[in-house]
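Descriptive analysis of the structure
Take a look at the letters that make up each chain.
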Amino acid sequence: MMGLYTIEALTAVIIVVAIDLAVTKSKAVKTLNFWIAWIIVALFQIPVDGWLTKLSSPIVIYNSHDFSGIRFPLSIPIEDFAYGFALTLLTISIWLRVQPTGNRR
């Protein structure tokens, strides 16, 4: 059975991808630029989130019943990457939607 945090993280990804494709119609998720940006965000997320969730002395403690229990790399719950993905995609999707038409690529 999936925990609440896992369900929420997956739901966030699904909703934001739908927003990107159907609402803002920016289709950022289909671009190489988005995936490069996402990799950069994830690379910076690893040391910060890893420090916050380190098993030896965690600052953020997750209820073991609420998440999948999968931690990668270090001790980061995999769901944190799903939330990071959703937040990054939503920001870029909205940014692309609201920019003046002449600046779109």
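Before reading further, recall that the structure is shown in the block above.
Read on for an overview of the structure. All values derive from a computational prediction rather than experimental measurement.

Quick word on the packing of helix α1 (residues 4-23) against helix α3 (residues 78-98)
The N-to-C vectors of α1 and α3 enclose an angle of 20 degrees; their axes lie 9 Å apart at closest approach. By the angle class used here, α1 and α3 are roughly parallel. Seen from above, α1 lies across α3 with left-handed handedness. Contacts between α1 and α3 pair Tyr5, Thr6, Glu8, Ala9, Ala12, Val13, Val16, Val17, Ile19 and Asp20 from the former with Glu79, Asp80, Ala82, Tyr83, Phe85, Ala86, Leu89, Leu90 and Ser93 from the latter. Its residues assigned to classes, the contact of α1 with α3 comprises 13 nonpolar, 2 polar and 4 charged.

Observations regarding the environment of Ile7
Structurally, Ile7 can be placed in helix α1. Through-space distance from the C-alpha of Ile7 to that of Gly84 is 15 Å; in sequence the pair is 77 residues apart.

So, α1
Between the first and last C-alpha of α1 there are 26 Å, a value that for 20 residues agrees with the 28 Å anticipated at 1.5 Å per step. Listing the buried residues of α1 in full gives Tyr5, Thr6, Ala9, Ala12, Val16 and Asp20. Axial view of α1: buried residues confined to an arc of 125 degrees, hence all on one face. Those residues of α1 that are exposed and angled more than 90 degrees off the buried face are Leu4, Ile14, Ala22 and Val23. At its buried positions, α1 is contacted by α3. Looking one or two residues past α1, Lys25 carries a phi angle of roughly 55 degrees, positive in sign.

What about the environment of Leu55?
Tracing the backbone shows Leu55 in the loop between α2 (32-53) and α3. Spatially, the C-alpha atom of Leu55 lies 6.4 Å from that of Ser75, the residues being 20 residues apart in sequence. For Leu55, the contacting residues outside a window of four places in its chain are Arg71 and Ser75.

Focus: unusual backbone geometry
You will see that Lys27, though not glycine, has its phi angle at about 55 degrees, which is positive. Residue position: Lys27 is located in the loop between α1 and α2. The class of Lys27 is partly exposed, set by a relative accessible area of 39%. Of note in the backbone geometry, Leu74 takes a positive phi value of approximately 55 degrees without being a glycine. For Leu74, the location among the structural elements is in the loop between α2 and α3. For Leu74, a relative accessible area of 63% corresponds to the exposed category.

Rules and cut-offs
- Residues numbered from 1 in each chain as written.
- Predicted model: local features only at pLDDT ≥ 70, side-chain atom pairs only at ≥ 80, totals over all residues.
- Heavy atoms only, no water.
- Axes fitted to C-alpha atoms, helices over the stretch in contact; angles between N-to-C directions.
- Helix = DSSP H or I, 4+ residues; strand = E, 2+ residues; numbered from the N terminus.
- Parallel < 35°, antiparallel > 145°, perpendicular 65-115°, else oblique.
- Left-handed = near helix turned anticlockwise from the far one by under 90°.
- Contact = heavy atoms within 4.5 Å.
- Nonpolar A, V, L, I, M, F, W, Y, C, P; charged D, E, K, R; others polar.
- Expected span 1.5 Å × (residues − 1).
- Buried < 20%, exposed > 50% of the residue type's maximum accessible area, 1.4 Å probe, protein only.
- Arc of directions from axis to C-beta.

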